[in-house]
Amino acid sequence: MSLFLVLLAAGDSKRFNSTTPKPFYKINNKTLLEHSFNSFSSFIKIKKTIIVYNKNHKKYLNKINLKNSIKILGGRTRQESTFKALKLIKRMKCKKVLIHDAARPNPSKKLISEIIKK
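Counting of residues starts from 1 at the beginning of each chain's written sequence and follows it residue by residue. Given that this is a predicted model, residues contribute local features only at a pLDDT of at least 70 and side-chain atom pairs are listed and counted only at 80 or more, while totals for whole chains, interfaces and linings are drawn from all residues. Here the side-chain values reflect all heavy atoms present in the structure, with hydrogen atoms and water set aside.

A. Expanded view of the sheet that holds strand 5 (residues 69-73). In space, the four strands of this open sheet follow the order 5-4-1-6, with parallel pairing throughout. Edge positions in the sheet fall to strand 5 and strand 6 (96-101), since each of these pairs with one other strand and no more. Taken pair by pair, the neighbouring strands of this sheet meet at an average axis angle of 20°, ignoring direction. Helix 1 (residues 32-40) rests against strand 1 (3-9), strand 4 (46-53), strand 5 and strand 6 of the sheet, and its axis sits at about 165° to strand 1. Two strands pair if DSSP finds at least two bridges between them. For helices the rule is a DSSP run of H or I covering at least 4 residues; for strands it is a run of E covering at least 2, with both sets numbered from the N terminus onward. Lines fitted to C-alpha atoms define the axes, with helix axes restricted to the stretch in contact, and inter-axis angles between N-to-C directions lie between 0 and 180 degrees. In what follows, residue pairs with any heavy atoms lying within 4.5 Å of each other are defined as contacts.

What follows is the structure in structure tokens.
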């Protein structure tokens, strides 16, 4: 079984009211995107992570190192961004996908594990 993770980080962060986009806001010296990425990193069943980003935020993305990830430009909406990631994944013969919003960095390991099992 191939399992991929899609981390959506392509939003405009309009409501966040900060000069730093929400996925790249730092807490404890790590961006929210890094915290999200790390929440899933211990699951060996996840073979690849697709980071979907906003073209205006590339400079922030370039400052962090997310191993075993593929970075793609997002669309105008969350739906378009998700669809772009799914089209890429389909070409890579992936069978299962987890989709997570990078700005919500702390899913529990138990929850992730239960979702993967089901």
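Text resumes after the structure shown.
B. Examining the pattern of salt bridges more closely. We define a salt bridge as a side-chain nitrogen of Lys or Arg found within 4 Å of a carboxyl oxygen belonging to Asp or Glu. Under the counting rule described, the total for this entry stands at three salt bridges. A salt bridge links arginine 76 to glutamate 80; its shortest N-O distance comes to 2.9 Å. For the salt bridge of arginine 78 with aspartate 101, the shortest nitrogen-to-oxygen distance reads 3.5 Å. Separated by 23 residues along the polypeptide, arginine 78 in helix 3 (residues 78-91) and aspartate 101 in strand 6 bring together distant segments of the chain. Throughout, exposure labels follow a simple rule: accessible area from a 1.4 Å probe, protein chains only, divided by the maximum for the residue type, with under 20% read as buried, over 50% as exposed, and the rest as partly exposed. Under the relative-accessibility criterion, aspartate 101 is labelled buried at 16%. Each of the salt bridges in this network shares a partner with another, and the network as a whole consists of Arg78, Asp101 and Arg104.

C. Quick look at the environment of leucine 66. Summarising the element assignment, leucine 66 is placed in the loop between helix 2 (58-61) and strand 5. Taking the C-alpha atoms as reference, leucine 66 lies 12 Å from leucine 32; in sequence the two are 34 residues apart. Apart from residues no more than four positions distant in its own chain, leucine 66 is found in contact with Leu33, Glu34, Phe37, Ile51 and Lys71.

D. Structural context of a nonpolar patch on the surface. Note on patches: the residues involved have over 30% relative accessible area and no salt bridge, like charges join within 9 Å, and the nonpolar side chains Val, Leu, Ile, Met, Phe, Trp and Tyr join within 5 Å. For every accessible area listed, the method is Shrake-Rupley and the probe measures 1.4 Å; residues are considered covered only by the protein chains on display. A cluster of nonpolar side chains, contributed by Leu86, Val97 and Ile99, occupies part of the molecular surface with about 210 Å² of accessible area. Counting through the fold element by element, isoleucine 99 comes out in strand 6. Given a relative accessible area of 44%, isoleucine 99 falls into the partly exposed group.

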